[in-house]
Amino acid sequence: DGQAATVHELLEGLPADAAADAELTALRAADELNRGSLEQAERYLALTGHRSVSVPEERRELLEVMRAVLRLRLARQGGDLPAVMEEAQRLLSPCEAGESRMNLRALALISLGAAELWSARLEDAQGHLEQGAALARRIGEHYLEINGRAHLALVTHFRSLPLSAKQSRQVIELARRHGCTDDPAVAIAYMVLGAATFWPGDLHEADLWFKRAEQALRAELEPAAGMLQHLLRGELEMALGHDAEALAVFQAAMPLTDLLATPCPLAAQMRARMVHAQLRLGDTARADAALAGMDPRDRESLEMRIVLAELRLAQGNPEAATAALAPILGSSAPGTDSQGSATHASPVQAIAVGGFGDTADALGWVVQAWLAESVACKALGDTAAAEYAAERALSFADSGDVLVPFLLHRAPELLKRHARHCSAHAALIATILDMLTQAPGEHGESSRGGSTPSVSDAEIRVLRYLPSDLTVPEIARQLSLSVNTVRTHMRHIYDKLHTHRRRDVVERASALGLLSSR
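Please read all numbers here as calculations on a predicted model, not as lab measurements. (Residues numbered from 1 in each chain as written. Predicted model: local features only at pLDDT ≥ 70, side-chain atom pairs only at ≥ 80, totals over all residues. Heavy atoms only, no water.)

Brief notes about the packing of aromatic side chains
Here is step 1 of the chain: Enumeration according to the criterion identifies 4 aromatic pairs in this entry.
Here is step 2 of the chain: Here the aromatic rings of phenylalanine 198 and tryptophan 199 are separated by 5.1 Å at their centres, their planes lie at 70 degrees, and the arrangement is edge-to-face.
Here is step 3 of the chain: For phenylalanine 198, a relative accessible area of 0% translates into the label buried.
Here is step 4 of the chain: Since its relative accessible area comes to 0%, tryptophan 199 is described here as buried.
Here is step 5 of the chain: Here the aromatic rings of tryptophan 370 and tyrosine 388 are separated by 6.4 Å at their centres, their planes lie at 75 degrees, and the arrangement is edge-to-face. Taken together, the positions of tryptophan 370 in helix H19 (residues 360-379) and tyrosine 388 in helix H20 (residues 383-400) put the pair 18 residues apart, joining distant regions of the chain. (Phe/Tyr/Trp six-rings, centres within 6.5 Å; stacked < 30°, edge-to-face > 60°. Buried < 20%, exposed > 50% of the residue type's maximum accessible area, 1.4 Å probe, protein only. Helix = DSSP H or I, 4+ residues; strand = E, 2+ residues; numbered from the N terminus.)

Pasting the structure below:
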């Protein structure tokens, strides 16, 4: 039921002579799991088996169920999909006997779906999570329902950002009603909602949701979810221009891979972003060595090819950059078919990065690939191919509302040049350039300090809500404004105060007396 703290308190209050009881030993194993002591949990689980002979016959079946639940949880936290499937089937088979075991059936289905999700088996995961969450709702097991629906929102994230955002908000509201907003399961919903605002470029809103996830989730307890948390945080830091911080986040996440029994597809993206961060820090030698030392299969992955192209560009070798991208993008220059219409050899429609299919993350890599191709072609003097590649990057970004890649690969001059030659994406280019003007280093240092920035009354009204935990939509409702209006005011506030994070703008505004003025 999500009352792990209460269980721990009760166990701590038991007398010493109760320690040898098999059923209490099983509960102690569950308690250790909740506290992150996997080795101790395994030890208690083994002791439960040894002590089970002393349990009365009428309670032995229930003890075996408890042991199966513990094995399931251990396998799930370790990302061991085969073991999860085995234990889930063990729980599912006797559950058809009656309603009394429906909670175990829901637990088994949700655990199985979560394990399949982290193994990138999205179709299987969706089916099991939907069944488990629906069953949990029917029998009134709200904690299990929240767990299932949070993971289901993550499955949806890999298909539709708007729908996943809606589902995440529903999970968060359900958790609020039942008083478990700080539970690790809800952290998944926070991450999904943060990602849904991150990729379209609302970095400040994303930062808020990622912080909530970081407060609720202990990465060592849920290593796969912890990897996603670190990946999203690192990508956000890169989008903000904090490359050293991003590199540290990615490096801190790598030990989590050792906690998983089977490789997590997110690890490939993590390694790619880690090398990408090294490149942005100007450490081409270390990035080159990292790529050279990888397993050949990892080095040939789509995201690594894109990072390799970025490396070759940084090394002044555009020919090698286009060669790295060729297997992904085909020929960059448009040709003509028999009717004289423009064609493109092997155009990429979507890149299945890390096995997660046509996702915002994957689309982000696609956009980054076309941007790198455009830069390379321009360096080679092929203006037509450069313009075509820039147009493809903008088309993919526009189709999926994915703008962050233009912050991960900053090329304002490329966009300005393209706007002069092509008006198809003029509004999109203007939005991206506006985002880029807020990037670190874009503001003149001379304007810092001195007189208090001129912040309008309307902006002050929004500014006073920023120290709170309210999201942008919640602030908009409080002020009876549209979400877009609030976001516009926030962009102007960040620009005027020369800050890039919500917590930084609050600190600077407080120091300037803006939070208490007017």
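A short note on the confidence of the model for the protein
When pLDDT is low, close inspection of the predicted coordinates is not appropriate.
Here is step 1 of the chain: Per-chain confidence: the protein averages 83 in pLDDT, with 90% of residues scoring 70 or above.
Here is step 2 of the chain: This model gives residues 332-358 a pLDDT under 50, and the stretch forms 62 contacts once residues within four places in sequence are excluded.
Here is step 3 of the chain: Contacts from residues 439-450, a stretch scored under 50 in pLDDT, to residues over four places away or in other chains number 17 contacts. (pLDDT = per-residue confidence, 0-100. Contact = heavy atoms within 4.5 Å.)

Brief notes about unusual backbone geometry
Here is step 1 of the chain: Even without being glycine, alanine 120 reaches a positive phi, approximately 65 degrees.
Here is step 2 of the chain: One can find alanine 120 in the loop between helix H6 (102-118) and helix H7 (122-138).
Here is step 3 of the chain: The phi dihedral of serine 480 falls on the positive side, at around 60 degrees, and the residue is not glycine.
Here is step 4 of the chain: Among the structural elements, serine 480 can be located in the loop between helix H25 (472-479) and helix H26 (483-497).

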